[in-house]
Each structure stands twice: as C-alpha cells, then as structure tokens.
Amino acid sequence: MGIYHVGSRTVQDRLGVREAADHVGRAVGRGIKPVAAAFLELQPLLVLGAADPGTGGVWASPLTGTPGFVRATGPHRMSVVGGVLPGDPLAGALATDGTHVGTIALDPRTRRRMRLNGRLHPTPRGFAVEADQVFSNCPRYLQRRRSYETVDRTPGEVRRGTGLTAAQQDLVAAADTFFLATVHAHGADVSHRGGNPGFVRVLSPRELLWRDYPGNSMFLTLGNLAADPRAGLLFLDWTSGAALQLTGEARTEFGADGERRVRFTVTRVAATGGAVPLRWAPPEYSPANPWVP
C-alpha cells in the first residue's frame, strides 16, 4: 500500500493539506540510509508500539541498551538485541513473528528523531524489523536534554490498574514529552508529542486531553485514530527512569477554528519504577512549544 491510507487522507482532506502531505511524503521510503544507520547505533533508547496479540490493546514500550543494541543490519532491516522487560504488555507481541510494529528513536541531545515501521521477526538475541516506512521528523516540540548517564537500576514490579493513581496523574501533568502508539489495518506507528509541562491535561483518573500542535501535515497518527481509535501512551520520568504505560482509545475533536484536541480514555495502566536505566539532564524546552495557560 502507499504511504497514506483512507484515515490519513480523510484528515488531510478535512484540513485541506493533501498537497502538502504528498510533498512531505516523498521523504518516506523503505531504505535505511547510512546517516540513519549511524544515528541508530548511537541511541540508548528505542520506543516500540504494537497491538498485543492476546488482548488487542495497543501499547508503547521502552527498550534500552548500550548504544549499538539497535542497528541497521541490512538496507531494509533493523535489529535489536534484547527486548522489553518481564511483565511488559508487549512481551507477547515481540515473541510473535510478523507483528506490525512502529518504532521511534529519539535523541534529546541533538533534538533528532527517526521512525521505522514494519514487521517484526524474533531472533535468538532479540528481534528484527523489516522496514516498510523509514523517515525522520523535524525537531519541533522536542526538548533538548544535553547528556545522560547510565544508572544501575533494578526495575520494580509492574503495577497494573484501570485508572491513574494520584502520583501517576502528577507525572502526566508535569510531562513535557510522551510517546503515542497507533495502528491501522496494515501497520503500526509510534510518534512523539511534546510541549511545556501542562500540555497534557488530566481530566479524571481515566481521561486525558491534549492539543494537537501543527506538524508536517502527514497526519499518520490522527489518520490511524480516524480508522482505529485504539492507542497506547508512554510517559517516562527522565530522571528516575519510571515508565507509565497506558492503553485505551483516543479520538480527535476538530474545532471550528481548525484547532484539534485529542481525548484519550484509559482502559488499562502498567507502571514500572526504574524501568529505564538512564538519567537525563534537565530539559531545555523547545522554542516552538506553544504557551500553556
């Protein structure tokens, strides 16, 4: 299939940006270029999104390792050594050959990010992804964190629930970054969302709301949600390494003035203390971030 499916086209046409989307879409390909391969090998963090083959719930999960744990092993193939932590909601997906996955490698040091979507194949040391889509994003709404250190942490037990605790609500309300996994009939995708703290509003223990800021006009994420509302959110504590994973449904609300808001309903929560063995420097907020009232 092409870059865009009917969901993305519906959103593009609604907002009158089909021509712009076609222009930007020319940068999407299947090949991993040398500059992209070099970028991957420097990253200590990869975020993966997929639907759990057992429950159908969509999740986003963090994977970490010494730089080089993720790398290009062919012109259309990315390999990862290791996998998700025990108890992660996507453990089953990573063990299932042919799973549609989306991945994003985001480097706060350089404010660069790269997305690679395709089909997963388990390997003796982890898994590989045969790429269907490879592309980069602009640094807009991406906070700079100039350095990180690797910390010896033992991940805590996965705490599960059907709504956010008070502490989890505080983590979301203070977040300047989260990752959003979505799916469609022929694939999966993970995108980054960023803004000044408070850009994600906690309406209740089971409902979040955020404004969809202007982007590249492709509308891959909102297009997926137009076709399938299932979604997964990942919030990281960039200091303590805690990971908050949410699955549920997200729907886009279009305002008369063209403004868009996404309303997310939580169905399940998985929270893990010390999940990521990385401690990042404090953020320098992107100058593109809109003011949060």
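Higher on the page you've got the structure.
In this text the structure is predicted, and so the values were computed from the model without any measurement. (Residues numbered from 1 in each chain as written. Predicted model: local features only at pLDDT ≥ 70, side-chain atom pairs only at ≥ 80, totals over all residues. Heavy atoms only, no water.)

A separate point is the pattern of salt bridges. What the rule picks out here adds up to 16 salt bridges. Salt-bridge contacts for Arg-109 lead to Asp-107; the nearest nitrogen and oxygen are separated by 2.9 Å. Where Glu-259 meets Arg-211, a salt bridge forms, and the shortest distance between an N and an O atom there is 3.6 Å. Here Arg-211 lies in strand E13 (residues 207-212) and Glu-259 lies in the loop between strand E15 (243-254) and strand E16 (260-272), a separation of 48 residues in the sequence. Classification of Arg-211 as partly exposed rests on a relative accessible area of 29%. (Salt bridge = Lys/Arg side-chain N within 4 Å of Asp/Glu carboxyl O. Helix = DSSP H or I, 4+ residues; strand = E, 2+ residues; numbered from the N terminus. Buried < 20%, exposed > 50% of the residue type's maximum accessible area, 1.4 Å probe, protein only.)

In terms of burial, strand E7 (residues 126-137) is largely enclosed, as nine of its twelve residues are buried. Inspection of the sheet shows strand E4 (residues 77-81) paired to E7 by five bridges, in the antiparallel sense. The residue bridging Val-81 from the neighbouring strand is Gly-126, located in E7. Strand direction decides the pairing type here: strand E6 (residues 112-123) and E7, joined by eleven bridges, are antiparallel. When the bridges of E7 are listed, Arg-115 appears paired with Phe-135. (Pairing = 2+ DSSP bridges.)

Checked against the element boundaries, Thr-265 lands in strand E16. Judged by relative accessible area, which is 35%, Thr-265 ranks as partly exposed. Taking the C-alpha atoms as reference points, Thr-265 and Gly-118, separated by 147 residues in sequence, lie 27 Å from one another. In this structure, Thr-265 is in contact with Arg-206, Thr-247, Gly-248 and Glu-249, ignoring residues within four places of it in sequence. (Contact = heavy atoms within 4.5 Å.)

In short, the description is geometric, and any link to function would need to be established separately.
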